[in-house]
Amino acid sequence: MSNDIWSFSESAAFASEVAAGASSLANSMQGGEAVIVDLGEVRGDVHGAKRRLLLKGSVRASGPPEAVAESIFRAADNLKPAVILLGATRNGREVASRLAIRMKIGCLAEASRLTFEGGSLLSDRSVYAGKVNARVSCTLPCISTVRTGSFSRTADEPDETQVFDVGEVAAKTNILGSSRKESGTVDLKSAKVIVSAGRGVKRKEDLPLLEDLARDMKGALGCSRPLSSDLGWLPEEHHIGLTGVNVKPDLYLALGISGQLQHIAGMKDSKVVAAVNTDKEAPIFQASDYGVVGDLYALVPALRKALAARRDAK
Ligand SMILES: Cc1cc2nc3c(=O)[nH]c(=O)nc-3n(C[C@H](O)[C@H](O)[C@H](O)COP(=O)(O)OP(=O)(O)OC[C@H]3O[C@@H](n4cnc5c(N)ncnc54)[C@H](O)[C@@H]3O)c2cc1C
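Here, residues in each chain are numbered from 1, in the same order as that chain's written sequence. In keeping with the model being predicted, local features are shown solely for residues with a pLDDT of at least 70 and side-chain atom pairs are shown and tallied solely at 80 or more, while totals for entire chains, interfaces and linings include all residues.

(A) Up close: the pairing of strand E9 (residues 142-146). Working definition of burial: number of other C-beta atoms within 10 Å of the residue's own, with buried at 20 or more, exposed at 12 or fewer, and partly exposed in between, all C-beta atoms being placed from the backbone. Every helix listed is a DSSP run of H or I at least four residues long, and every strand listed is a run of E at least two residues long, numbered separately from the N terminus. Of all 5 residues in E9, 5 are buried; the element is thus mostly enclosed. Alternating residues of E9 divide into Cys142, Ser144 and Val146 and Ile143 and Thr145, and every residue in both groups is buried. For two strands to count as paired, DSSP must find a minimum of two bridges between them. Looking at chain direction, strand E5 (residues 106-111) and E9 are connected through 4 bridges and run parallel. Note that in E9 the partner of Cys107 across the bridge is Ile143.

The following block contains the structure:
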């Protein structure tokens, strides 16, 4: 086993983050060096480590995960890195698990922090929708997927490129085409204020009431999963939570949302949370800075009226 820490993601933007993670790990291992793995071609926009490894003959980075895993396997089986870090994207997770099986080594998942202890890699990962931080270890050599946003990109440019010929790797599946998903106008990630609708909203026709409030507050309209995925009242991009968007607004106003942990996972980093719910035992109040036990149908018009009065007074 060498002391090299490899990094790979099919997403060029994420690949630089993963490379920064590999560099920080390599710094804590004697003789350790971080290596950016490129498949088929050098991606000049990927940086964050001093060395690059180009896998010649491989499928491209965005190729089918089974072929990407096979390419990396052929090189890793030969060059024996201590750790292979992969971006925790949909494809990255699949590549990691396939690679771990192929190499017969352990695989850590969704790491937000990585360190070495003895001959093992220690990883911190968030579990139970962010309620608990778990520390998991795996003996070296091993693989780990890395959560986006865990490492800050650096400007380190590779000054050495090693080429390794992996031979022909036949893909068993082929991507016949891809098309961009239609996206609407909502940008919850950068919204300073989010008015979020839950099942407390009784009918689709009532949503404009909340939309108007969001507009008054110069904010965006979000929702809990049932409103988008189950009822189809709002597009998927409005849905906040574990399986939706993660948001961090200055103010998150939860209207008729019970506060199940899958929802909380997506908004818990909001600066201020205010909730309106008819049930005083609703779990959302545990996650709120301000709470009103009351009917959103009474509160929303009252709030709009108060905002209008304040605007008129200016
Ligand atoms: C694998 C998995 C992933 C999931 N991912 C997500 C996710 O990413 N995001 C997500 O949101 N959910 C997710 N869910 C669903 C989640 O578990 C909850 O079912 C969902 O968040 C509940 O949505 P809600 O709070 O709007 O509805 P409910 O739980 O039905 O709550 C409605 C609330 O409205 C209140 N209410 C009723 N009438 C009024 C009124 N007039 N005024 C004020 N309050 C009123 C009620 O007291 C109640 O608390 C996931 C579930 C699973 C199993």
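Structure shown, so let's carry the discussion forward.
(B) Just helix H4 (residues 207-216), in detail. For H4, the set of buried residues is Leu210, Leu213 and Ala214. Projected down its long axis, H4 carries its buried residues within an arc of 100 degrees, all on one side. Contact partners of the buried residues in H4: strand E11 (193-197), strand E12 (220-223), strand E13 (251-255) and helix H7 (296-313). Once H4 finishes, Lys218 follows within two positions and takes phi at roughly 55 degrees, a positive value. In this description, the arc belongs to the directions extending from the helix axis to the C-beta atoms. This entry defines residue contacts through backbone-placed C-beta atoms, with two residues in contact when those atoms are within 7 Å.

(C) Here's a closer look at helix H2 (residues 65-79). Helix span, as expected, comes to 1.5 Å for every residue beyond the first. Helix length check: H2 (15 residues) gives 21 Å between terminal C-alpha atoms against 21 Å at 1.5 Å per residue, within 8%. What H2 keeps buried is the set Pro65, Ala67, Val68, Ala69, Glu70, Ser71, Ile72, Phe73, Ala75 and Ala76. Buried residues in H2 make contact with strand E1 (4-8), strand E2 (33-39), strand E3 (51-56), strand E4 (83-87), helix H3 (90-103) and strand E10 (160-165). Of the residues flanking the end of H2, it is Lys80, one or two places downstream, whose phi is positive at about 50 degrees.

(D) Fine view of the domain arrangement of the protein chain. Domain borders in the structure are assigned automatically or taken from a domain database. Taken as a whole, the protein chain is organised into domain 1 (4-165) and domain 2 (193-313). Each of domain 1 and domain 2 has a C-alpha centre, and these two points are 38 Å apart. When residue character is reported, Ala, Val, Leu, Ile, Met, Phe, Trp, Tyr, Cys and Pro are called nonpolar, Asp, Glu, Lys and Arg charged, and the others, Gly included, polar. Here the residues of the side of domain 1 that touches domain 2 are counted per class, giving 2 nonpolar, 1 polar and 1 charged.

(E) Summary view of the sheet that holds strand E7 (residues 120-127). With antiparallel pairing, the 3 strands of this open sheet are ordered in space as E6-E7-E8. This sheet does not close on itself; its edge strands, each paired only once, are strand E6 (113-117) and strand E8 (132-139). Here the average twist between neighbouring strands, direction ignored, is 25 degrees. Both E7 and E8 contribute to a ladder of 8 bridges, which runs antiparallel. Residue pairing in the sheet places Leu121 in a bridge with Cys138 of E8. As a rule, the C-alpha atoms of each element are fitted with a line to give its axis, helices using only the stretch in contact, and angles between N-to-C directions run from 0 to 180 degrees.

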